[in-house]
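# Coordinate inspection notes
Residue strings, one per chain:
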Amino acid sequence: MSVVDGGRTGPGRMSVHPVDRRSPMPAWAQVQRDLRRQIDQELPTGYQLPTERELSELYGVSRITIRQALGALSTDGYIERRQGAGTFVADIPEPVQHDFALTTPWRDRFHAAGQAAQSIHLTDEPIAPEPHELTKLITSEEVSAKRLHLKRLHVVNDRAIGLTDSWVPESVAPGLADQVLIDGSLSRTLREAFDLVPSDTNHYLEVGAANSHEARLLNTTLDAPLFVVWSVARLNDGRLLDTTRTVWLGSRVRFHYTV
């Protein structure tokens, strides 16, 4: 482990974990992860980071690599880069808390807490094929049936936190393609416009990484950590209502549950 004399604002020394050349993780991502660890655990708001040259010497990488790491931290709101002054630890917003007890729509919970939350129906996005992770959870007949794809971007306090792709059988909700989603919500639209409410929904949670398309929509970096939720909802008569893939940005969302 290396250290650097602070002499700036806050702690006197900043610890550095060197880049592991044998790791499959890119060097810039290792630097980003290490700096984020220090910001989370050690460095206060307003602390001035070393210069790009100093960081490149500490980590043993090029300044381009350092620039990539700092750019990713800046995008996620961890640092502020002030022209002519340097790079400083930002006043980091608290992660949005998402409750596993989904008894009420997530937007309603944020509104009740005084936060601005919305889902934006992305009507100009290309039609996405349904992932294999979802098709293997339904029957071959349901896979082959004609279905409508809808994509929504989830935003809290002007920060993108997640994306949802859904596939709805056209036979279940005829005319949905011409329907404006109520508050950007598919579930609310199905309930209020079509009187369709799922009686059974199965959710599967795993960890993933943002691809280039997701990174652009979420205003984050390629391979940013994601929580990925796969869902299959059915009506009381057993008919498929929708399949859904939702991704939540790991740096902006944390999950809560009570046992």
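Among the residues making up helix α7 (residues 186-194), those that are buried are Leu186, Thr189 and Leu190. Viewed along the axis of α7, the buried residues span an arc of 100°, placing them on a single side of the element. Buried residues along α7 sit against β7 (147-156), β8 (159-169) and β11 (240-249).

Moving on, we come to the packing of aromatic side chains. Across all of its chains, the model carries zero aromatic pairs by this definition. Cation over ring: Arg82 sits above Phe88, and NZ or CZ is 4.1 Å from the ring centre.

A word on the environment of Trp167. Among the structural elements, Trp167 can be located in strand β8. Considered as a pair, Trp167 and Leu241 are 74 residues apart in the sequence and their alpha carbons are 8.6 Å apart. Sequence-distant contacts of Trp167, that is, excluding residues within four places in its chain, are made with Ala128, Pro129, Glu130, Pro131, Leu134, Arg147, Leu148, His149, Leu241, Asp242, Thr243 and Arg245. Within polar-contact distance, the side chain of Trp167 engages the backbone oxygen of Ala128 at 3.1 Å.

Moving on to the environment of Gly77. Residue position: Gly77 is located in the loop between α3 (63-75) and β3 (79-82). Through-space distance from the C-alpha of Gly77 to that of Thr220 is 9.9 Å; in sequence the pair is 143 residues apart.

Another point: the side chain of Arg234. Mapped onto the secondary structure, Arg234 falls in strand β10 (residues 225-234). Judged by relative accessible area, Arg234 falls into the buried class, the value being 19%. Polar contacts involving the side chain of Arg234 include one to the side chain of Glu142, which spans 2.7 Å. Sequence-distant contacts of Arg234, defined by excluding residues within four places in its chain, comprise Leu137, Ile138, Glu142, Pro198, Ser199, Asp200, Arg239, Leu240 and Leu241.

In this section: the layout of surface pockets. Each pocket or cavity is described by its volume, and for the second largest pocket that value is around 310 Å³. The greatest single-element share of the lining of the second largest pocket, amounting to five residues, is contributed by helix α1 (residues 27-41). Grouping the constituent residues of the lining of the second largest pocket by class yields eight nonpolar, four polar and four charged.

All right, on to the sheet that holds β11 then. Each strand in a sheet pairs with its neighbour through backbone hydrogen bonds, running either in the same direction (parallel) or in the opposite one (antiparallel). Here we have six strands laid out as an open sheet, ordered β6-β7-β8-β11-β10-β9, and antiparallel in their pairing. Both outer strands of the open sheet, β6 (117-121) and β9 (200-209), are each paired with one neighbouring strand and no more. Averaged over all pairs of adjacent strands, the angle between strand axes in this sheet comes to 20°, irrespective of strand direction. Here β6 pairs with β7 via five bridges, running antiparallel.

Turning our eyes to something else, we now look at helix α2 (residues 52-59). Among the residues of α2, Glu52, Leu55, Ser56, Leu58 and Tyr59 are the ones counted as buried. One side of α2 holds all its buried residues, which, seen down the axis, span an arc of 165°. Directly beyond the C-terminal end of α2, a positive phi value near 70° is found at Gly60.

As a further point, take the environment of Thr45. Within the secondary structure layout, Thr45 lies in the loop between α1 and α2. Remark: the alpha-carbon pair of Thr45 and Val89, spanning 44 residues in sequence, is separated by 5.1 Å. Those residues in contact with Thr45 that sit more than four places away from it in its chain are Val89, Ala90 and Asp91.

Looking now at the confidence of the model for the chain. Looking at the chain, the pLDDT average stands at 86 and 87% of residues meet or exceed 70. Note on residues 5-12: pLDDT under 50 across the span, and 21 contacts to partners over four residues away in sequence or across chains.

Here we take up the pairing of β3. Relative to strand β4 (residues 86-89), β3 is paired through four bridges, and the arrangement is antiparallel. By the bridge assignment for β4, Glu80 is matched with Phe88. Linking β3 to β4, which pair antiparallel, is a turn of three residues; within it Gly84 sits at a positive phi near 80°.

Their axes nearest at 8 Å, the elements α1 and α3 cross at an angle of 50°. In this view, α1 runs oblique relative to α3, as classed from their interaxial angle. Classified by chirality, the crossing of α3 by α1 is right-handed. Where α1 approaches α3, its residues Ala27, Trp28, Val31, Gln32, Leu35 and Arg36 are matched on the opposing element by Thr65, Ile66, Gln68, Ala69, Leu70, Ala72 and Leu73. When the residues that make up the contact of α1 with α3 are grouped by side-chain class, the tally is nine nonpolar, three polar and one charged.

The rules behind each value
Residues numbered from 1 in each chain as written. Predicted model: local features only at pLDDT ≥ 70, side-chain atom pairs only at ≥ 80, totals over all residues. Heavy atoms only, no water. Buried < 20%, exposed > 50% of the residue type's maximum accessible area, 1.4 Å probe, protein only. Helix = DSSP H or I, 4+ residues; strand = E, 2+ residues; numbered from the N terminus. Arc of directions from axis to C-beta. Contact = heavy atoms within 4.5 Å. Phe/Tyr/Trp six-rings, centres within 6.5 Å; stacked < 30°, edge-to-face > 60°. Lys NZ or Arg CZ within 6 Å of the ring centre and 35° of its normal. Polar contact = N/O pair within 3.5 Å; in protein donor to acceptor, adjacent residues only side chain to side chain. 1 Å grid on protein atoms, 1.4 Å probe; cavity = no way out; pocket = protein on both sides within 12 Å on 5 of 7 lines; lining within 4 Å. Points joined across faces, edges and corners; volume = space filled by probe spheres on them. Nonpolar A, V, L, I, M, F, W, Y, C, P; charged D, E, K, R; others polar. Pairing = 2+ DSSP bridges. Axes fitted to C-alpha atoms, helices over the stretch in contact; angles between N-to-C directions. pLDDT = per-residue confidence, 0-100. Parallel < 35°, antiparallel > 145°, perpendicular 65-115°, else oblique. Left-handed = near helix turned anticlockwise from the far one by under 90°.

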